[in-house]
Each structure stands twice: as C-alpha cells, then as structure tokens.
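Structure at a glance
For reference, the chains in residue letters:
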There are 2 protein chains.
Amino acid sequence: MKPAPDPVSPLDALAASAAPRWRTATEFVEATLKAAILEGRLPGGTPLRQEELAERLGVSRMPVREALRQLEAQALVEVLPHRGAVVAEISAADAADLFAIRRALEPAALRLSIPHLTEAQRDQAGALITAMDVEPDPGRMGLLNRQFHMALYAAAGHPRLLALTEQHLAAFDRYLRFHLAAQGRERMAQQDHRAMLEAAARGEAAAAAAILEAHLDQAAEAIARFFAAREAGAA
Amino acid sequence: MKPAPDPVSPLDALAASAAPRWRTATEFVEATLKAAILEGRLPGGTPLRQEELAERLGVSRMPVREALRQLEAQALVEVLPHRGAVVAEISAADAADLFAIRRALEPAALRLSIPHLTEAQRDQAGALITAMDVEPDPGRMGLLNRQFHMALYAAAGHPRLLALTEQHLAAFDRYLRFHLAAQGRERMAQQDHRAMLEAAARGEAAAAAAILEAHLDQAAEAIARFFAAREAGAA
DNA sequence: TAGCGTAATGTTGGATCCAATCAACGGCCG
DNA sequence: CGGCCGTTGATTGGATCCAACATTACGCTA
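First, a word on scope: everything that follows refers to the structure included in this document. (Residues numbered from 1 in each chain as written. Chains lettered and ligands numbered in written order. Predicted model: local features only at pLDDT ≥ 70, side-chain atom pairs only at ≥ 80, totals over all residues. Heavy atoms only, no water.)

Here we look at the packing of aromatic side chains
Residues and elements named next belong to chain A. One pass over the structure, following the stated rule, counts eight aromatic pairs over all chains. Look at Phe 226 and Phe 227: their rings are 6.2 Å apart centre to centre, the planes differ by 75 degrees, and that puts the pair in the edge-to-face class. The exposure class assigned to Phe 227 is buried, which follows from its relative accessible area of 3%. Each residue in the set Tyr 175, Phe 226 and Phe 227 is aromatic and connected to the rest through ring pairs, giving one cluster. (Phe/Tyr/Trp six-rings, centres within 6.5 Å; stacked < 30°, edge-to-face > 60°. Buried < 20%, exposed > 50% of the residue type's maximum accessible area, 1.4 Å probe, protein only.)

This is the structure in structure tokens:
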C-alpha cells in the first residue's frame, strides 16, 4: 500500500537547509508580513498597499494579494472590499479576547498531552526554560516561550487543536512585547513554567492545567493593567 | 465624535435583499465551495481544478485561487504547491480533533456569555429548540443547531472567540450528516438543549457548561462509534 | 525485462493589463 | 453660505497571458 511510509531521512534536513526557504512567492510574502506584524514592526492600523508591498518585496502584486487573504483569515489584517488592507488594531479588548481563546485551548491541549509526553519532550521543555533564563532579547524570548508551551502540548495529538493553539500563542506576541517592555522580562513566571513541567513529569494533568490557567490569568491581568495605565497616561 | 452611531434603518434591509448577495466574485466562490463542502456535496479527497471551477461558476481562475487560499486557512481544503487543491479528508481522528476544539471553546464561550444573556436572546434560543423539534430536513437541522448554540454564546463579547467557535461548529456539519443519518435525528439531545437553556436562565454558568461538556462528549462518542462501525463494515 | 533518464503534457504560480469601485475634490444649485 | 452631485485620481478586483513545476509516458540502456 504505502511504498514509503517513513520518508524522513538525513537528506530531508539537508534539502530543507540548502534549498530556498520558501516554495512560492506567496509563502515568502505571507511569512514576511506575518513576522513584521507579530514583532510590532507594522503597527495596528498601518495601511498595506499592494503595489508598494510588491515593489518593496521584489514580487508582483499577485502573491501580495494572496498573502493578504491568508493573513485576513488569521485576523492579522483586515481587508475591506475595494478599500484595501490594514494591519489589525490591537487593544485591551482584543488582548482579552485572545486570552479567552488561549485560556480555553491551552489547558485542553495540556491535559491531552501530558499522558503521552515522553521524557525527551520534557527534557526539551526543560532546556527551553533554562534558555529563557539567559535570553536577553525580547523577541527571542517570545519565541522561546512559544516553543516551551508548544513542547508541553506536543503529545496531545489532534493536529488541528495544536495548530490553533500555536497560531493564537503566536498572535499573542504582539502583546508580549508591550508586556515585557512594561514590567521587565525577568519575572516572566519562570516558576510557573517549572511547576508545570514538574507536574507534567508526575503525570498530574489536572494540577498542571490549573497552574497554566493561573499563569494565563496572571498574564491577562498584567496586560490589562498595562493598557489601563497607558490609556490613563494618554488621556 | 460619532456622526452616525446607529446606521441601522429600513434601507439597510432593502439594500441587503435587493443588491447582489456577494460583493466580490471571490466571496461568491468561497461561499459556494464552503457550503458544498460542509453539506457533503464535495466529499473529502475531491480534487479542485481551478479552471474547471472557474468555468462552472462563471468566473475566471483568479477569484477561484483566492477563495481556495481562504478555504485552506479554514482547513476545508488542502493546497499543495504546484499540485493543486483537494477537499480535506474526514476521518475519525479529525472528528475527534474537532471535538477537542469545540469542547475547549464552547464551554468557555458559554461561561462568559451567561451572565450577560438577555431575556430576548434566551427566547430566541428557545424558539430555535422548538424549531428543531419539527424540522425534517437534516441540512436545516444542522443550521438550527448551530444557531441555537451561537445564540447561547452571543453575549460572551470576545468577537474572535465567537468567530472561532462558530467556524468550528460549522466545520462539524460535515460529520453531523453522518451522525444524523446513522442514528436518526429525533434523539439529538434536545433535552440537553433545554437543560442548558434553563440553567442559563437561572444564571448557573457552571451547571450549563457541565451539561454542554457532557453533551459534546456524548456526541463525540456517537461519532466515534459510527466511524468504528463503518470501518468494521468496510473491512 | 527492469530501471533510469528524458521528453511531453497538463496544472498551477506569477506577471501584466484592463475594468470596477471608492475617496476626495471642485463646481453648481438652493 | 452650506449641501448635493458629478468628475478625477488612486487603488483594488478580475481577466488574460506566460513561465515554472510536477506528473506521466515513453524510450533507451544495462
């Protein structure tokens, strides 16, 4: 039936590193814009002119159009018919929205994952915690945090659930920058991370999920406070 | 500040019914394909040739391309570079995946919504229950079920959470057809629906969420049994 | 005859061109 | 003087054309 059930080989890694990083121009544009938006280089409300982007990225308008459509489906840009695309705005309400989604998805993923986590996966998560301890750059910090969380959820199966989780975890990066800038990155709830990992190692899914929920609630409150302070200062 | 804070008028309804239903050809193609996939008219694995679709729908290939990209982001079709798009396959694993997502999102939405539900919204939900009692058509049934669930979640705020919930509730329609066909529609847990509504009316969010979770678990088991039986029969 | 390499074909990805729509500006009428 | 309407400019949506890629079939060679 299956002539090559396991095509993974050293050649794949070689090909992945050697070949151009993106298969199509559309993928390139999408990845570039996505990173720029998530890293805050394109603030909310920025109009995205197709022709300008095409010129700047060295492609024609068409891959830009398709990329914008995909980003629209991810709620990163807002496309109005015949009026163009703008980067989606960030706000306290949107941050709360995102947290409600993460608060629903991530504990579910964690509960499903813990019974099937391997020791290697837990070790990887632990390594990511220690990497976070010494990472000075906030951008890398967000990436490591994302990788740590996803490493804990990796054994959940359910690829769609995991993809959704990762997408919204990444979407949160737009707010993480504010968060870290506001309250200093050193207290990024590393003890929560360690406690979650320990509970996971003991197979205590419910306990780990409870820590995660508190972790997320705490982060949500910090973001809400930051927005409240910013609006008070701006007003 | 706001020159027209409430632009709703009889003219809007008129315009909505008179004008062509879709603003752009892309929207038309996307809606058409989405409905066809969710209703089961396009089974999993069906290849979607751009030129053929364009001809059949009376548009050029370009709106088809953009629509396929949007459907890809919704996991309804799978697009492989230079190899075209196929309708995403359904499977027991994917159904379980979808249920894990619904099981995470919907109780969260319900908990957030119940404290803010108005009596009018509850009445609407009740009307949808009675409408389901007398609906013979399975397709309409799925629509009513979706509307009932969303009516209960409507007061949750958090537009992104609601949009995600609705999207995955709609995605489940592909399996609902199987479900209803297999075990007869009359027992579609109408008592669960009524119990949820009553708990919501009493403001008991936790109780309503518990009923919803059991409701979803039960549906998930039914689908799993159906798939197991089908595979046993096919083998 | 089996396997590899090559050519042919069909499909998609990308570029360019044209049409439709929206926003802004300016003139006209009340 | 203010509001409405037509016109202009800019931008997007859609159509057509060309190039690149993947699959298939064929032929050659061992």
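As for the protein's contact with DNA strand D
The immediate surroundings of DNA strand D are formed by 19 residues, with Arg61(A), Arg65(A), Ala25(B), Thr26(B) and Ser60(B) found nearest. The sugar and phosphate moieties of DNA strand D supply 65% of its atoms located within 4 Å of the protein. Note that a phosphate oxygen of DNA strand D is positioned 2.8 Å from one of the side-chain N or O atoms of Ser60(B). For DNA strand D, a phosphate oxygen lies 3.2 Å from a polar atom in the side chain of Arg83(B). Looking at the surface near DNA strand D, the elements with two or more residues in it are helix H4 (61–73) of chain A together with helix H2 (25–38) and helix H4 (61–73) of chain B. The element best represented in the surface near DNA strand D is H4(A), accounting for four residues. (Near = heavy atom within 4 Å. Polar contact = N/O pair within 3.5 Å; in protein donor to acceptor, adjacent residues only side chain to side chain. Helix = DSSP H or I, 4+ residues; strand = E, 2+ residues; numbered from the N terminus.)

Observations concerning the protein's contact with DNA strand C
Around DNA strand C, a shell composed of 19 residues is seen, among which Ala25(A), Thr26(A), Ser60(A), Arg23(B) and Arg65(B) lie nearest. Within 4 Å of the protein, the atoms of DNA strand C are drawn from sugar and phosphate moieties in a proportion of 65%. Note that a phosphate oxygen of DNA strand C is positioned 2.8 Å from one of the backbone N or O atoms of Ser60(A). At 3.0 Å from a phosphate oxygen of DNA strand C is found a side-chain nitrogen or oxygen belonging to Arg83(A).

Comments concerning empty space enclosed by the protein
All names here are of chain B. The final tally for this structure, using the stated rule, is four cavities of 30 Å³ or more. Here the largest cavity is characterised by a volume of approximately 50 Å³. Among the elements of the structure, H2 and helix H8 (159–171) are those that each provide at least two residues to the lining of the largest cavity. At three residues, H8 tops the list of elements feeding residues into the lining of the largest cavity. Looking at the lining of the largest cavity residue by residue, the classes come out as four nonpolar, two polar and one charged. (1 Å grid on protein atoms, 1.4 Å probe; cavity = no way out; pocket = protein on both sides within 12 Å on 5 of 7 lines; lining within 4 Å. Points joined across faces, edges and corners; volume = space filled by probe spheres on them. Nonpolar A, V, L, I, M, F, W, Y, C, P; charged D, E, K, R; others polar.)

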